[in-house]
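Fold and contact review
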Amino acid sequence: MLRYMKWRPGSEASEECANRVVDQDERHLVTGGSGFLGRHLLSRLLRQGNLVTTVSRREADFQLSGQGEDGRGQLEVLRGDLRDRQWVLDKLGGVRFTTVFHLAGLIPNPETPSHEIVERNVTATQNVLDLCGRGGVERLLFSSSKGVYAYRNPRYNPVDEDHEVAPQGLYGAAKYASEILAKAYSDRYGLSVIILRLTGIYGMGREQGAIAGFVRSALRGETIRLEPEAAGRQF
């Protein structure tokens with residue numbers, strides 16, 4: 001089963017992912033646990049008493065909420081590179097995960113080499129999918145991006161899930177390629193996949209992005225201004 005959802009606070013996607021796909025006494029894998037979304041997700045899973053493994057490429061302080069109130073939540077932190085297929089299979093292949101939350105990826109800047117965009121987003125995702133298929137994982141949640149849509153020149157606004165897919169740039173193309181791979185693995189292994197095409201992420205602890213900028217301007221009593229690249233987007 002493959003489902004596409006756009007993440008909005010309080011939406012069907014956010015409530016389902018927060019409440020349905022996590023069960024106590026089962027082990028879950030979170031990639032990209034040192035990122036903004038990863039940290040919030042880890043805290044939620046631990047508070048609910050889940051057993052969680054997270055993978056991060058860089059050294060990170062994972063002093064989150066620790067264990068759940070009942071003392072049952074446990075966090076295992078692994079440092080590794082998801083582009084390394086052998087590392088993924090050696091370190092994670094022997095663990096039975098119920099749910100994999102694949103949040104890891106690379107949002108490039110203009111200087112990012114093309115091969116790194118593809119490897120960090122597509123190659124890493126294929127290795128995670130291979131782990132899911134070989135390991136009998138039940139559910140995969142994959143964080144895609146609004147970049148799969150033609151959001152700079154949309155046919156209509158607001159851009160919804162029915163809008164045509166037309167990646168503008170290598171990052172959007174890499175995310176869409178990962179979505180296609182996820183569908184293929186879903187068909188082959190019966191993996192239940194939820195794809196979130198994320199946009200406008202904001203919340204406690206995030207200082208980047210348009211929404212955070214709007215809030216800072218409002219607190220200072222300044223006029224809220226949209227940068228040229230934000231024209232046509234919905235906030």
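Residues numbered from 1 in each chain as written. Predicted model: local features only at pLDDT ≥ 70, side-chain atom pairs only at ≥ 80, totals over all residues. Heavy atoms only, no water.

**Points about the overall build of the chain**
- Per the secondary structure count, the chain includes 6 helices and 7 strands.
- Every one of the 235 residues in the chain was classed for burial, and the buried ones make up 43%.
- Partitioning the contacts of the chain with sequence separation of at least 6, the portion at a separation of at least 24 is 63%.
- Working note: accessible area of the chain is about 12,600 Å², and carbon and sulfur atoms make up 48% of it. (Helix = DSSP H or I, 4+ residues; strand = E, 2+ residues; numbered from the N terminus. Buried < 20%, exposed > 50% of the residue type's maximum accessible area, 1.4 Å probe, protein only. Contact = heavy atoms within 4.5 Å. Areas by Shrake-Rupley, 256 points an atom, 1.4 Å probe, with all protein chains shown as cover.)

**Focus: the packing of aromatic side chains**
- A full pass over the atoms with the stated rule returns 1 aromatic pair.
- Consider the rings of Y185 and Y189, whose centres lie 5.8 Å apart with planes at 20°: the pair is stacked. Here Y185 and its partner Y189 are both found in helix α5 (residues 170–189), 4 residues apart, which amounts to about one turn of the helix.
- Look at Y189 and you get partly exposed, because its relative accessible area is 37%. (Phe/Tyr/Trp six-rings, centres within 6.5 Å; stacked < 30°, edge-to-face > 60°.)

**Side note on the packing of helix α3 (residues 85–92) against helix α4 (residues 114–135)**
- Packing of α3 against α4 brings their axes to within 9 Å, and their N-to-C directions diverge by 35°. Crossing of α3 against α4: the hand is right-handed. For the pair α3 and α4, the contacting residues are R85, V88, L89 and L92 in the first and N127, D130, L131 and R134 in the second.
- A class-by-class count of the residues in the contact of α3 with α4 yields 4 nonpolar, 1 polar and 3 charged. (Axes fitted to C-alpha atoms, helices over the stretch in contact; angles between N-to-C directions. Left-handed = near helix turned anticlockwise from the far one by under 90°. Nonpolar A, V, L, I, M, F, W, Y, C, P; charged D, E, K, R; others polar.)

**Structural notes on the packing of α4 against α5**
- Running from N to C, α4 and α5 cross one another at 15°; their axes reach a closest spacing of 9 Å. Classified by the angle their axes make, α4 and α5 are roughly parallel. Both α4 and α5 take part in a crossing whose hand is right-handed. Note on element contacts: α5 touches α4 through L170, Y171, A174, K175, A177, S178, L181, A182, Y185 and Y189, opposite S114, I117, V118, N121, V122, T125, Q126, L129, D130 and G133. (Parallel < 35°, antiparallel > 145°, perpendicular 65-115°, else oblique.)

**Side note on the confidence of the model for the chain**
- Residues of the chain with pLDDT of at least 70 account for 79%, and the chain-wide mean is 82.
- Element-level pLDDT for the chain is lowest in helix α1 (residues 12–19), with a mean of 51, against a maximum mean of 98 in strand β5 (residues 99–102).
- Here residues 6–11 scores under 50 on pLDDT; set against residues more than four positions off or in separate chains, the count is 18 contacts.
- Low pLDDT, under 50, characterises residues 65–71; the predicted model gives this stretch 15 contacts beyond four residues in sequence or across chains. (pLDDT = per-residue confidence, 0-100.)

**Notes on the environment of E138**
- Looking at the element boundaries, E138 is found in the loop between α4 and β6 (139–145).
- Separated by 42 residues in the primary sequence, E138 and R96 have C-alpha atoms spaced 9.7 Å apart.
- Excluding residues within four positions of it along the chain, E138 makes contact with F97, T98, L191 and S192.

**Topic: the nonpolar core**
- One finds L82, L92, V100 and L140 to be the most contacted residues of the largest nonpolar core, which totals 23 residues.
- Elements with a contribution of two residues or more to this core: α3, α4, β6, α5 and β7 (192–198).
- Ranked by the residues each element gives to this core, the list is headed by α4, at 5 residues.
- Among all residues touching L92, those that are not within four sequence positions of it are L29, T53, V55, L78, W87, F97 and L131.
- Counting residues in each nonpolar core, the second largest holds 12 residues, with L41, L45, L46 and L103 among its members. (Core = buried A, V, L, I, M, F, W, Y, C linked by side-chain atoms within 4.5 Å.)

**Observations regarding the pattern of salt bridges**
- All chains considered together, the criterion is met by 10 salt bridges.
- Across the pair R85 and D130 runs a salt bridge whose closest N-O atoms are separated by 3.0 Å. You can see R85 sitting in helix α3 and its partner D130 sitting in helix α4, a full 45 residues away along the chain.
- What makes R85 partly exposed here is its relative accessible area of 36%.
- Owing to a relative accessible area of 10%, D130 belongs among the buried residues under this scheme.
- Its salt-bridge partner being E116, residue R120 comes within 3.1 Å of it at the nearest N-O pair. Here R120 and its partner E116 are both found in helix α4, 4 residues apart, which amounts to about one turn of the helix.
- Owing to a relative accessible area of 15%, R120 belongs among the buried residues under this scheme.
- According to the relative accessible area criterion, E116 is partly exposed, its value standing at 23%.
- One salt-bridge network, in which partners are shared between bridges, spans R57, D81, R83 and E119. (Salt bridge = Lys/Arg side-chain N within 4 Å of Asp/Glu carboxyl O.)

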